[in-house]
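# Descriptive structure summary
Residue-level listing of the chains:
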Amino acid sequence: MAPLSEGGTDALLPDLPKGPLQAYRARASFCWRELVLFLEGEDVLRLKKAIFSALENDPLFARSHGEDLSLEKYRELSFLRCKRVMEYSLLPVEEMVARPLSVQTLIACLGMYDWSLAVKFLLHMLTFGSAIYSSGSERHLKYLPKIFNMDIFGCFAVTELSHGSNAKAIRTTAHYDPATEEFIIHSPDFEAAKFWVGNMGKTATHAVVFAQLYTPGGQCHGLHSFVVQIRNTKTLLPMPGVMVGDIGKKLGLNGVDNGFAMFHKVRIPRQDLLNRTGDVTPEGTYITPFKDDRQRFGASLGTLSFGRVAIVGMSIVNLKLALSIALRFSATRCQFGPSDGEEVPVLEYQTQQWRLLPYLAAAYALDHFSKSLFLDLAELQQGLMGTDQGARQAELGREIHALASAGKPLASWTAQRGIQECREACGGHGYLAVNRLGDLRNDNDPNCTYEGDNNILLQQTSSYLLSLLACHVQGGARFESPLRTVDFLQAYPDILGQRFTCPSVDSCLDSSVPLAAYEWLVCYLLRESYQKLNQEKRSGSNDFEARNNSQLKDDAVALVDVIAPPDFVLDSPIGRADGELYKNLWTAVLLESRVLERPSWWSEFSVHKPRIGSLKSKL
């Protein structure tokens, strides 16, 4: 293991403060500094040091414990902090490209401080900016300086009021008009309104909007992305034909202004189609470098996967924070002990160890997976930026999509359950707001939902595996993928023929044992699912019916009618007795959102153009 450069130890990894935790540190079987260096590397440690020092030494980021900020004030502060982070230029573009993991490090460090800040920065700089960079072409590079200077502020608009996880069914349309060489972006009704879009509520001026692309003659070419200006960059008032607003207060992440938008025949230049995977000529002819829609969609999955891959990392950071709090608490909180002796730290009790240590192990394992997946996604995007647009790129996109669709549920659910366990393991002190476990739980909660509901995403991964098995059974195709994550399935029959054997308890500790058991389980579940689906199809069911015919459901609504109170008491737009889900939700959001208003603080910020430093005294 390489040592830190001379003089670097004290600067990057200073001694930890002396105190009650010293006894446990002295008993450790390894040097914590060496493990940090092994896992992170000196470059990452220096970046972390720079980020944390910048935040700690800037009054704009001063903690305000005990002060409940209003929703408007919190969002103002998040926007100003986001702008300040951009001004610091902590991570130049060339470094992002050369060292992709530095991007994940920056987001993690900002998230450790405040996830509203991190998400706001992520959505503008990486989700919006990365979509333009990786899905666009040379003609879109003009947007990048404006993104870095925050001359424009961006968001990523996929989800609609009535469609989230089922991205292919999105109903926003983009019809091409060859007479003017423009696309006409349109929301057919309020259910097609873009919804839950981060940064759209108050601050975004531009959006990457996903819509169904139609060429003259009415042919639909599927989902494509477009750069659409939604607000005036000087006044923040909506552009003509755009109705945009804020969806209101959430359970967490309230420094992020999630919003909605409807488009009424909004015209944008033809060049604002992000054309990496498909383009339209001035005359209206659709062209694509991919042989078929499956390959094109597979390549485009990299853009959709970015958010899910980012959430894997965000969830692990939350778990790390919760464990840091709970285990340090457990090592110093003393309760009970020998009748004639001193009380002992609760960490000494096996029940506390069983509650927390498995999550500590999971944090280390999932952290490695998160970094590996992030690098795989970077490889995909770099390939798309070059000339590699063949079948392998499409298959790599599908594989990463499947991994992200499984990884996000695994990471976010593990973090959510782990944070709750940490909260309970800290007893009443864990319920105290100042100790942050409640905020971590609330801010992590949406990771289980946005960028695709976890249960739905798992079905997308299973569909990927079932399609591979079908090709293998029907045509003899090999189980193989660019990242080799499914290559073990080539031994599918042999694996199913294996039986568990372990000569001793010690041999069970070998990592190959649980890995072999996991491979057998995957093969078994894959075989059973494949056989069940085929059985249903043979009985006349289509694919959709075959997947859903076993659900316990006809009596559910009537049983709820028995226990539900009147609507006035239940007080939930999505749970009203009339069942008008989207109508009630849309009405509630419109009542809460002042659609045509801009943030109250924007006029001062935009007209007088003060430096952020001059606003510190007003926060």
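Analysis parameters
Residues numbered from 1 in each chain as written. Predicted model: local features only at pLDDT ≥ 70, side-chain atom pairs only at ≥ 80, totals over all residues. Heavy atoms only, no water. pLDDT = per-residue confidence, 0-100. Contact = heavy atoms within 4.5 Å. Buried < 20%, exposed > 50% of the residue type's maximum accessible area, 1.4 Å probe, protein only. Helix = DSSP H or I, 4+ residues; strand = E, 2+ residues; numbered from the N terminus. Arc of directions from axis to C-beta. Patch = residues over 30% accessible without salt bridge, like charges linked within 9 Å, V, L, I, M, F, W, Y side chains within 5 Å. Areas by Shrake-Rupley, 256 points an atom, 1.4 Å probe, with all protein chains shown as cover. Salt bridge = Lys/Arg side-chain N within 4 Å of Asp/Glu carboxyl O. Core = buried A, V, L, I, M, F, W, Y, C linked by side-chain atoms within 4.5 Å. Domains from an automatic or database assignment. Pairing = 2+ DSSP bridges. Axes fitted to C-alpha atoms, helices over the stretch in contact; angles between N-to-C directions. Parallel < 35°, antiparallel > 145°, perpendicular 65-115°, else oblique. Left-handed = near helix turned anticlockwise from the far one by under 90°. Nonpolar A, V, L, I, M, F, W, Y, C, P; charged D, E, K, R; others polar.

The next point concerns the confidence of the model for the protein. Mean pLDDT over the protein works out to 87, with 90% of the residues at or above the 70 mark. In the predicted structure, residues 1-6 sits below a pLDDT of 50 and forms eleven contacts with residues beyond four places in sequence or in another chain. With pLDDT under 50 throughout, residues 607-619 is counted as low confidence; its partners more than four residues away or in other chains account for 24 contacts.

An α-helical segment advances 3.6 residues per turn. Residues three or four places apart therefore align on the same side. Along helix H14 (residues 437-444), the residues that are buried comprise Leu 437, Leu 440, Asp 443 and Asn 444. Along the axis of H14, the buried residues cluster in a sector spanning 135°; they form a single face.

Here the focus is unusual backbone geometry. The backbone phi angle of Phe 336 is positive, close to 60°, even though this residue is not glycine. Take Phe 336: it is sitting in the loop between strand S12 (334-335) and strand S13 (344-345). You will see that Arg 484, though not glycine, has its phi angle at about 65°, which is positive. With relative accessibility at 62%, the residue Arg 484 sits in the exposed group.

Now for a nonpolar patch on the surface. Side chains of Val 93, Val 97, Tyr 133 and Leu 141 sit close together on the surface and give an oily, nonpolar patch of about 310 Å² of accessible area. Along the chain, the position of Val 93 falls in helix H6 (residues 93-98). According to the relative accessible area criterion, Val 93 is partly exposed, its value standing at 36%.

On to the nonpolar core, then. One finds Ile 51, Leu 110, Trp 115, Phe 121, Ile 132, Ile 147 and Val 208 to be the most contacted residues of the largest nonpolar core, which totals 86 residues. Here this core gets 15 residues from one element, more than from any other, and that element is helix H10 (residues 293-332). Built from parts of two domains, this core gets at least three residues from each of domain 1 (154-290) and domain 2 (301-452). Beyond its immediate stretch of four places on either side in the chain, Ile 147 contacts Met 86, His 124, Met 125, Phe 128, Gly 129, Ile 132 and Ile 152. Membership of the second largest hydrophobic core comes to 25 residues, among which are Val 197, Ala 204, Ala 211 and Tyr 286.

Turning next to the pairing of strand S7 (residues 242-246). Buried residues dominate S7, accounting for four of its five residues. Note that S7 and strand S8 (residues 259-263) share five bridges and pair antiparallel. In the sheet register, Val 242 faces S8, and the bridge partner there is Phe 263.

With that out of the way, let us pick up the packing of helix H7 (residues 101-113) against helix H11 (residues 350-385). At their nearest, the axes of H7 and H11 sit 9 Å apart, and the two run at 130° to each other. Judged on the interaxial angle alone, H11 and H7 are oblique. Seen from above, H7 lies across H11 with right-handed handedness. In contact with Leu 101, Val 103 and Gln 104 of H7, H11 contributes Ser 370, Lys 371, Phe 374 and Leu 375. Looking at the contact of H7 with H11, its residues break down into four nonpolar, two polar and one charged.

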